[in-house]
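Chain residues, written in single-letter form:
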Amino acid sequence: MNEQSTDLREAVRRRYAAAAVKVTEGAAACCGPEPVEVDDDFGSTLYPADERDALPAEAVAASLGCGNPTAVAELRAGERVLDLGSGGGIDVLLSARRVGPTGKAYGLDMTDEMLELAVANAAKAGATNVEFHKGTIEEIPLPANTVDVVISNCVINLSTDKAAVFAETFRVLRPGGRIGVSDIVSDDTLTVEQRGERGDHVGCIAGALSFAEYRAGLEAAGFTDIEITPTHPVADGMHSAVVRAVKPAETGNGSERPL
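All of these numbers come straight from a predicted model, not from anything done at the bench.

Caption draft 1: The arrangement of the overall build of the chain in detail. Looking only at helices and strands, the chain has nine helices and eight strands in total. Per-residue burial over the chain gives 54% buried out of 259 residues. Relative to all contacts within the chain whose residues are 6 or more apart in sequence, the contacts with residues 24 or more apart total 73%. Carbon and sulfur atoms make up 51% of the accessible area of the chain, which amounts to about 11,000 Å² in all.

Have a look at this one:
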């Protein structure tokens, strides 16, 4: 990883660590946690009220995503789901409810403060079918062919090595598995420089791929049945989008599923 990439990753880590601390400190106050400050295009308001109300207030307050990937992925009972960049755990907890006691939800995050918050939120929710791991989305600490679904909520755009993210996602999915991701995507007409003019990397804008780049990256990793559908604008030529894709059922790389 070059120096610029290292600096960007550290900037992302600091931002999310600060968000977790704000929620944790707010939870100790008499009135409970205040949501992390985001605009209408990001955060917990993108989830239905009944889903928010069923979760610990701290999980809702820490939400910084741009969609609702648990709905995008159409999770089913008994499935194993991995959330890339799980933050305070909102999508892991919602996934755990959807897959039920015979399924399992894994969260992956590189920020200690967010992991601590997520573990506390899981305990408050009484969720027993969840597991959180520390690591980066470019090097997922799970064996190959072990999960049915990979979700992510406005995190892949933050990576400085998206090819590695796509390759790792493909690796950990079982043959026939799928992704259901919410992410920021730019119009194909925007250059990298123009994306940077619309927002910074940590703010989920400058690092976004275009529609064509996103599709090409997924195809290069081996995914098929790729769908990238914009849902709402977040800046001029920039969109929150739903991304779906499938790992072919026959990949010739074994059937390991030991988790």
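Resuming the write-up.
Caption draft 2: Here's a closer look at the packing of aromatic side chains. As enumerated under the stated definition, the model contains two aromatic pairs in all. Taking the centre distance of 5.4 Å and the plane angle of 45 degrees together, the rings of Phe 166 and Tyr 214 count as tilted. With Phe 166 in helix H7 (residues 162–172) and Tyr 214 in helix H9 (residues 211–221), this residue pair connects regions lying 48 residues apart in the sequence. Tyr 214 carries the same exposure label as Phe 166, and that label is buried. Centre to centre, the rings of Phe 170 and Phe 223 are 5.2 Å apart; their planes meet at 90 degrees, and the pair counts as edge-to-face. One end of the pair, Phe 170, is in helix H7; the other, Phe 223, is in the loop between H9 and strand E7 (224–235), with 53 residues separating them in the sequence. The pair formed by Phe 170 and Phe 223 is uniform in burial state, with each residue classed as buried. Looking at Lys 247, its charged tip hangs above the ring of Phe 170, at a distance of 4.8 Å from the centre.

Caption draft 3: Looking closely at the environment of Ala 71. With respect to the element layout, Ala 71 can be found in helix H4 (residues 69–72). Measuring from C-alpha to C-alpha, the distance between Ala 71 and Arg 98 comes to 9.4 Å, with 27 residues separating the pair along the chain.

Caption draft 4: Geometry of the nonpolar core. Leu 82, Ile 179, Tyr 214, Leu 218 and Phe 223 are the most contacted members of the largest nonpolar core, which has 30 residues in total. Elements represented by at least two residues in this core include exactly strand E1 (80–84), strand E2 (104–109), strand E4 (147–153), H7, strand E5 (173–186), H9, E7 and strand E8 (238–246). In this structure, Phe 223 is in contact with Phe 166, Thr 169, Phe 170, Leu 173, Ile 179, Leu 218, Ala 245, Val 246 and Lys 247, ignoring residues within four places of it in sequence. Of all hydrophobic cores here, the second largest spans 15 residues; its members include Val 92, Leu 115, Ala 118 and Ala 122.

Caption draft 5: A look at H9. When H9 is considered as a whole, its buried residues turn out to be Phe 211, Tyr 214, Gly 217, Leu 218 and Ala 221. All buried residues of H9 project into a common sector of 135 degrees when viewed along the axis, lining one side. Elements that come into contact with the buried residues of H9 comprise H7, E5, strand E6 (209–210), E7 and E8. At the exit of H9 stands Gly 222, carrying a positive phi of roughly 115 degrees.

Rules behind the numbers
- Residues numbered from 1 in each chain as written.
- Predicted model: local features only at pLDDT ≥ 70, side-chain atom pairs only at ≥ 80, totals over all residues.
- Heavy atoms only, no water.
- Helix = DSSP H or I, 4+ residues; strand = E, 2+ residues; numbered from the N terminus.
- Buried < 20%, exposed > 50% of the residue type's maximum accessible area, 1.4 Å probe, protein only.
- Contact = heavy atoms within 4.5 Å.
- Areas by Shrake-Rupley, 256 points an atom, 1.4 Å probe, with all protein chains shown as cover.
- Phe/Tyr/Trp six-rings, centres within 6.5 Å; stacked < 30°, edge-to-face > 60°.
- Lys NZ or Arg CZ within 6 Å of the ring centre and 35° of its normal.
- Core = buried A, V, L, I, M, F, W, Y, C linked by side-chain atoms within 4.5 Å.
- Arc of directions from axis to C-beta.

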